Amino acid sequence: MRRFEQRQCLNRLDCVLKGDGRLGHDLDPQDRAPKDACGVFGVWAPGEDVSKLTYYGLYALQHRGQESAGIAVSEGSRILVYKDMGLVAQVFDESILGTLRGHLSIGHCRYSTTGSSVWENAQPTLSSTDGGGLALAHNGNLINTAQLAERLTSGAMRATTDTEVLTALLAQDASRPVDDVAAELLPEVKGAYSLVWMNETTLFAARDPQGIRPLVLGRLERGWVVASETAALDIVGASFIREIEPGELLTIDERGVRSRRFAVAEPKGCLFEYVYLARPDTTIAGRGVQSTRVEVGRVLAREHPVDADLVIPTPESGTPAAIGYAEQSGIPYGQGLVKNSYVGRTFIQPSQTIRQLGIRLKLNPLREVIEGKRLVVVDDSIVRGNTQRAIVKMLREAGATEVHVRISSPPVAWPCFYGIDFATRAELIAGSLSVEEIRSSLGADSLGYISLDGLTRATTLPADRLCRACFTGEYPIPIEDDRVGKFVLEAQR
Ligand code: SF4
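Residues numbered from 1 in each chain as written. Predicted model: local features only at pLDDT ≥ 70, side-chain atom pairs only at ≥ 80, totals over all residues. Heavy atoms only, no water.

Draft legend 1. Representation of the overall build of the chain in the model. When you go through the chain residue by residue, the secondary structure sums to 18 helices and 27 strands. A buried classification covers 59% of the 493 residues belonging to the chain. Partitioning the intrachain contacts of the chain with sequence separation of at least 6 by distance along the chain shows that 71% fall at a separation of at least 24. Accessible area of the chain: about 18,700 Å², with a carbon and sulfur share of 49%. (Helix = DSSP H or I, 4+ residues; strand = E, 2+ residues; numbered from the N terminus. Buried < 20%, exposed > 50% of the residue type's maximum accessible area, 1.4 Å probe, protein only. Contact = heavy atoms within 4.5 Å. Areas by Shrake-Rupley, 256 points an atom, 1.4 Å probe, with all protein chains shown as cover.)

Draft legend 2. Representation of the pairing of strand 26 (residues 446–449). The alternating pattern of strand 26 places Ser446 and Gly448 on one face and Leu447 and Tyr449 on the opposite face, and all of these are buried. When strand 25 (residues 402–407) meets strand 26, the two strands line up parallel, connected through four bridges. The residue bridging Arg406 from the neighbouring strand is Gly448, located in strand 26. (Pairing = 2+ DSSP bridges.)

Draft legend 3. How the structure looks around the site of the ligand. Surveying the vicinity of the ligand reveals the residues Ile212, Arg213, Cys270, Leu271, Phe272, Cys416, Tyr418, Ile420, Phe422, Cys467, Ala469 and Cys470. Among the secondary structure elements, those contributing two or more residues to the shell around the ligand are helix 8 (271–277) and helix 17 (469–472). A class-by-class count of the residues in the shell around the ligand yields eleven nonpolar, no polar and one charged. (Near = heavy atom within 4 Å. Nonpolar A, V, L, I, M, F, W, Y, C, P; charged D, E, K, R; others polar.)

Draft legend 4. Broad picture of unusual backbone geometry. Cis rather than trans, the peptide bond between Gln123 and Pro124 has omega equal to 5°. Here Pro124 lies in the loop between strand 7 (104–110) and strand 8 (125–129). Note the cis peptide between Pro315 and Glu316, where omega equals -10°. Within the fold, Glu316 resides in the loop between strand 20 (310–313) and helix 10 (319–329). Even without being glycine, Thr460 reaches a positive phi, approximately 65°. Checked against the element boundaries, Thr460 lands in the loop between helix 16 (452–459) and strand 27 (466–467). Since its relative accessible area comes to 56%, Thr460 is described here as exposed.

Draft legend 5. Quick look at the sheet that holds strand 11 (residues 203–207). One open sheet holds the six strands; their spatial order is 8-9-10-11-15-16, and the pairing between them is antiparallel. Whereas interior strands pair on both sides, the edge strands pair on one side only; in this sheet they are strand 8 and strand 16 (256–261). Each neighbouring strand pair of the sheet contributes to a mean axis angle of 20°, computed without reference to strand direction. With five bridges connecting them, strand 10 (residues 194–198) and strand 11 associate as antiparallel partners. Paired with Val196 across the bridge in strand 11 is Ala205. Against the sheet, helix 5 (residues 162–171) touches strand 8, strand 9 (132–139) and strand 10, its axis set at about 145° to strand 9. Contacting strand 9, strand 10, strand 11, strand 15 (248–253) and strand 16, helix 6 (residues 178–185) runs over the sheet at an angle of about 170° to strand 15. (Axes fitted to C-alpha atoms, helices over the stretch in contact; angles between N-to-C directions.)

Draft legend 6. How the structure looks around the packing of helix 9 (residues 289–303) against helix 16. Relative to each other, helix 9 and helix 16 sit at 145°, their axes nearing to 9 Å. In terms of crossing hand, the pair formed by helix 9 and helix 16 is right-handed. Of the residues in helix 16, those touching helix 9 at Thr292, Glu295, Val296, Val299 and Glu303 are Gly454, Leu455, Ala458 and Thr459. Its residues assigned to classes, the contact of helix 9 with helix 16 shows four nonpolar, three polar and two charged. (Left-handed = near helix turned anticlockwise from the far one by under 90°.)

Draft legend 7. Structural view of helix 13 (residues 386–397). Relative to the 16 Å expected for twelve residues at 1.5 Å per residue, helix 13 spans 17 Å between its end C-alpha atoms, a close match to the ideal helical length. Along helix 13, the positions that sit buried rather than exposed are Thr387, Gln388, Ala390, Ile391, Val392, Met394 and Leu395. The first or second residue beyond helix 13 is Gly399, which carries a positive phi of 105°. (Expected span 1.5 Å × (residues − 1).)

Draft legend 8. Up close: the pattern of salt bridges. Under the counting rule described, the total for this entry stands at 24 salt bridges. Here Asp179 and Arg260 are joined by a salt bridge, their closest N and O atoms 3.8 Å apart. Linking Asp179 in helix 6 with Arg260 in strand 16, this pair joins segments that are 81 residues apart in sequence. A salt bridge links Arg279 to Asp281, with the nearest nitrogen and oxygen atoms 2.7 Å apart. Bridged by salt links that share partners, the residues Arg64, Arg213, Glu229 and Glu273 form one connected network. (Salt bridge = Lys/Arg side-chain N within 4 Å of Asp/Glu carboxyl O.)

Draft legend 9. Spotlight on the environment of Pro313. Structurally, Pro313 is set in strand 20. Note: C-alpha distance between Pro313 and Tyr333 (20 residues apart in sequence) is 8.6 Å. Among all residues touching Pro313, those that are not within four sequence positions of it are Gly318, Thr319, Ala322, Tyr333, Gly334, Gln335, Leu337 and Val378.

Draft legend 10. Layout of the packing of aromatic side chains. This structure, assessed with the given rule, holds nine aromatic pairs. A connected cluster of aromatic rings, assembled from ring pairs, spans Tyr55, Tyr56, Tyr59, Tyr82 and Phe92. In this arrangement the basic side chain of Arg219 is found over the ring face of Trp224, its NZ or CZ atom lying 4.0 Å from the centre. Looking at Arg425, its charged tip hangs above the ring of Trp414, at a distance of 3.8 Å from the centre. (Phe/Tyr/Trp six-rings, centres within 6.5 Å; stacked < 30°, edge-to-face > 60°. Lys NZ or Arg CZ within 6 Å of the ring centre and 35° of its normal.)

Draft legend 11. Molecular detail of the side chain of Ser408. Positionally, Ser408 belongs in the loop between strand 25 and helix 14 (429–432). We classify Ser408 as buried; its relative accessible area is 6%. Apart from residues lying up to four places away in sequence, Ser408 is in contact with Val275, Val296, Leu300, Ala321, Asp379, Asp380, Ile450 and Leu455.

Draft legend 12. Inspection of a nonpolar patch on the surface at higher detail. Residues Tyr56, Tyr59 and Ile235 make up a contiguous nonpolar surface patch of about 320 Å² in total accessible area. Structurally, Tyr59 can be placed in helix 1 (residues 50–60). (Patch = residues over 30% accessible without salt bridge, like charges linked within 9 Å, V, L, I, M, F, W, Y side chains within 5 Å.)

Draft legend 13. Highlighting the nonpolar core. Ranked by internal contacts, the top residues of the largest apolar core, which has 44 residues, are Phe272, Val311, Tyr325, Val378, Tyr418, Phe422 and Phe471. Elements represented by at least two residues in this core include exactly helix 8, helix 9, helix 10, strand 24 (374–379), helix 16, strand 27 and helix 17. Of the residues that make up this core, three or more belong to each of domain 1 (5–268) and domain 2 (289–459). If you look at the next biggest cluster of nonpolar residues, it comprises 29 residues, including Val43, Ala45, Leu97 and Val216. (Core = buried A, V, L, I, M, F, W, Y, C linked by side-chain atoms within 4.5 Å. Domains from an automatic or database assignment.)

Written out as structure tokens, the structure is:
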């Protein structure tokens, strides 16, 4: 039975409720994919079941973070937050959602990029002052967290995340409207941040001047929605209005949506959102992610053709590019690997024996499809190379005569400081090895990465409107403070 614990109750206004605090464990020790840094959702809609809308919004954004989930809600006089470790559907059930009543709500699903994966760092964060409560959810990663934390009086925060620092700073001056405080504070905040936050009556949203992470505004019949991706709007029945502009701050209440600009827009959207992070049914900058990925596959086929019998994806992230590769090359497309979708974040503590099964827990080859075939295997990216090495070996053991690996992103050779938990440069296989050396390390017959120009063209956006730093090492927001990294605040304790 779920154990509730009242964690904090200040001014009799705001409280945080905690579930049983179970920790999740990832059964895939190979850490195959880049990990995203959260999904955010907010809704202002009197008369609607806002916590349920937020639940479904987070459900649609689950791919962006699987470590913890939380919802904050207000009926006008107090903010209530419920959060716990685990997937959205594991954290919330009907009875919990039934206790979260109000007319506005925000929600968050987390993958940690600053601070450990612990309950205290789950979001929404909550801060209470004499002026009332403030709950905040953040997608992205700040690069001047340590500097910002120095502005806080000691004891102002318990958690170890950039988000907690932001929350505390926004709540520090209760004498002024929080959107005025935000308009003054946000120009000083460096890095990637797509934010939704709320006080007891009003929903707010803001996006960093570079617009690194997506954030969109939608309309319900009786209110407004803000979400990380358009797919979340679809799922809750909201119509897409527009993207929130880089450097824009929105205030949403009974007077409607008010916009103000706190910084000049310098758009540098994350190129990796197109490659892997965003849902295929999401639209970014007017371009569908699925059609972009299929086009990337066509470009990949033109850039790296090969004689082969079958194109197969690494399911599911390689699927659209594999379809594009097959279309362009004329080589038949097929499913050669079966994915177990139920393996992933789980509450089972795996034994050492189970861990050693590694990739086989997630993927298993279809021998009858691949035996005797020359295969093209399409995947979205190579981070450390462990997964692709295991796949190549598995396919050969299942009877493939040749295995040609094609990757729908350029080599990832640089870490991301803006919200993706890529390994350090030393851990990235392309950080130190050439393409030929990587091919040899994977045991593939050939290896081809899409070119950076080819990938950029497929997005239809000009290169100067994109962040491409993990491929080039050219960071659009300079990393000026060397106090960066996932444990920057924990290191200072
Ligand atoms: S460094 Fe890479 S993953 Fe990070 S924001 Fe830039 S393009 Fe995206």
